[in-house]
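Coordinate analysis (summary)
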Amino acid sequence: MGKKIVVLNGSPRKAGNTSALVREFTKGAESAGNTVTEFFLNGMDIHGCLGCFGGHSSRECPCVQKDDMARIYPAVKDCDVVVLASPLYYWNMSGQLRTAVDRLFALEEGDGNLLRGNGKASVLLMAAEGRGFEDVVLYYDHLTEHLRWENLGHVLAGGNMETGDIEGKPELEEAFELGKKIH
């Protein structure tokens, strides 16, 4: 039986280079019998974390805020793999993705930790103009270690300034193969 995969796509462009990586990853994952659900975060109403510690993981919507994270929480609770996809902004993930990741903390609060461990795994997909991925990979490694998620790998595609620059590059095939090996 295939895995349930959730993609948190933090790109502001539906047809951008990060989204191209997501499309290829999804094709590979689905060809291996997995189910992929993508959330295009830029088109969602997601507010920043309040740091209120008022969340309760067992609630249908574990966060005190009522916004589009209510659609993401059940999918992340139920999935096997979380894919973090983003362009590289100032050596880190986009604000759209960082905000959603911060808000996932509500799944760790209150009545039981539904985010950490539980056999979950993760993938990082990133595109950038440059190639300075070291800081974001360090953050990602720390995040997966904290969450006790198995790190299935990453595809880091540098040298992509304009929309479509990634076309024909080997990172697209890498994303497809990474998705395909999940089963």
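Look a little higher up for the structure.
A quick note: this is a predicted structure, and the numbers were derived from the prediction, not measured. Counting restarts for each chain: residues are numbered from 1 in the order of the written sequence. Per-residue local features of the predicted model are confined to residues with pLDDT of at least 70, and side-chain atom pairs are confined, for both listing and counting, to 80 or more; whole-chain, interface and lining totals are unaffected and use all residues. Values shown for side chains rest on all heavy atoms present in the structure; no hydrogens or waters enter the calculation.

**Regarding the overall build of the chain**
Heads up, the rule is: To qualify as a helix, a DSSP run of H or I must reach at least 4 residues; to qualify as a strand, a run of E must reach at least 2; elements of each kind are numbered from the N terminus. For the radius of gyration, the atom set is restricted to C-alpha positions; the globular benchmark scales as 2.2 Å times the number of residues to the power 0.38. Per-residue accessibility, obtained with a 1.4 Å probe over protein chains only, is compared with the maximum for each type, and a residue is labelled buried under 20%, exposed over 50%, and partly exposed between these values. Computed with the Shrake-Rupley method and a 1.4 Å probe, the accessible areas treat only the protein chains shown as cover for residues. When charges are counted, Lys and Arg are positive and Asp and Glu negative, with His and the chain ends excluded. The atoms used to mark charge sites are NZ of Lys, CZ of Arg, CG of Asp and CD of Glu.
The secondary structure content of the chain amounts to 5 helices and 5 strands. Along the chain, helices and strands appear, N-terminal first, in the series β-α-β-α-β-α-β-α-β-α. Taking 183 residues into account, the globule formula puts the C-alpha radius of gyration at 16 Å, and the chain, at 16 Å, falls close to it. By the burial criterion, 49% of the 183 residues in the chain qualify as buried. Looking at the chain as shown, the accessible area adds up to about 8,600 Å², and 50% of this sits on carbon and sulfur atoms. A gap of 4 Å separates the mean positions of the 19 positive and 26 negative side-chain charges of the chain.

**Side note on helix α4 (residues 134–147)**
Let me state the cut-off plainly: Helix span is expected to be 1.5 Å times the residue number reduced by one. By arc we mean the arc of the directions from the helix axis to the C-beta atoms, nothing more. For this analysis, residues touch if any pair of their heavy atoms sits within 4.5 Å.
The end-to-end C-alpha separation of α4 is 20 Å, in line with the 20 Å expected for 14 residues at 1.5 Å each. Every buried residue belonging to α4 is among Val136, Val137, Tyr140, Leu143, Thr144 and Leu147, and all of these are buried. Looking down the long axis of α4, one finds its buried residues gathered within 125° of arc, a one-sided arrangement. Of the exposed residues in α4, those oriented more than 90 degrees away from the buried face are Glu134 and Glu145. Buried residues in α4 make contact with β3 (81–87), α3 (95–103), β4 (121–127) and β5 (150–157). Phi turns positive one or two residues past the end of α4, at Arg148, with a value near 60°.

**Section: the pairing of strand β1 (residues 4–9)**
Spelled out, the test is: Strands are labelled as partners when DSSP assigns at least two bridges between them. Call a crossover right-handed when, viewed with both strands pointing away from you, the route from the first strand across the helix to the second goes clockwise.
When you tally the buried positions in β1, you get 5 out of 6 residues, the bulk of the element. Relative to strand β2 (residues 35–40), β1 runs parallel, the two being bridged by 6 bridges. Along β2, the bridge assignment pairs Ile5 with Val36. Note that the unit made of β1, helix α1 (residues 17–31) and β2 has a crossover that is right-handed.

**A few points about the nonpolar core**
Our working definition: Put simply, buried Ala, Val, Leu, Ile, Met, Phe, Trp, Tyr and Cys residues joined by side-chain atoms within 4.5 Å make one nonpolar core.
Judged by nonpolar contacts, the single largest core of 34 residues is most densely connected at Leu8, Leu41, Ile72, Tyr73, Val76, Leu84 and Leu104. At the level of elements, β1, α2 (69–78), β3, α3, β4 and α4 are the ones that each hand at least two residues to this core. By size, the runner-up hydrophobic cluster in this structure holds 23 residues, among which are Val36, Ala127, Leu152 and Ile182.

**Concerning empty space enclosed by the protein**
Our working rule: A pocket, in this scheme, is an open set of points on a 1 Å grid over the protein atoms alone with protein on both sides within 12 Å along at least 5 of 7 lines, while a cavity is a set where a 1.4 Å probe fits but cannot get out; residues line either one if an atom lies within 4 Å of a point. Grid points are joined across faces, edges and corners, and a volume is the space filled by probe spheres set on the points. All residues other than Ala, Val, Leu, Ile, Met, Phe, Trp, Tyr, Cys, Pro, Asp, Glu, Lys and Arg, Gly among them, are scored as polar; the first ten of these are nonpolar and the last four charged.
Tallying each qualifying case throughout the model produces 1 cavity of 30 Å³ or more. The space that makes up the largest cavity amounts to roughly 110 Å³. Along the wall of the largest cavity there are 15 residues; nearest its centre are Cys49, Gly51, Cys52, Cys63 and Glu109. Split by residue class, the lining of the largest cavity holds 9 nonpolar, 4 polar and 2 charged.

**Focus: the pattern of salt bridges**
Heads up, the rule is: Any carboxyl oxygen of Asp or Glu that lies within 4 Å of a side-chain nitrogen of Lys or Arg is treated as forming a salt bridge with it.
Enumeration over the complete set of coordinates arrives at 5 salt bridges. Across the pair Lys4 and Asp78 runs a salt bridge whose closest N-O atoms are separated by 2.7 Å. Placement of Lys4 in strand β1 and of Asp78 in helix α2 is noted, with a sequence separation of 74 residues between them. The class of Lys4 is partly exposed, set by a relative accessible area of 40%.

Limitation: the analysis is restricted to geometry and does not speak to function.
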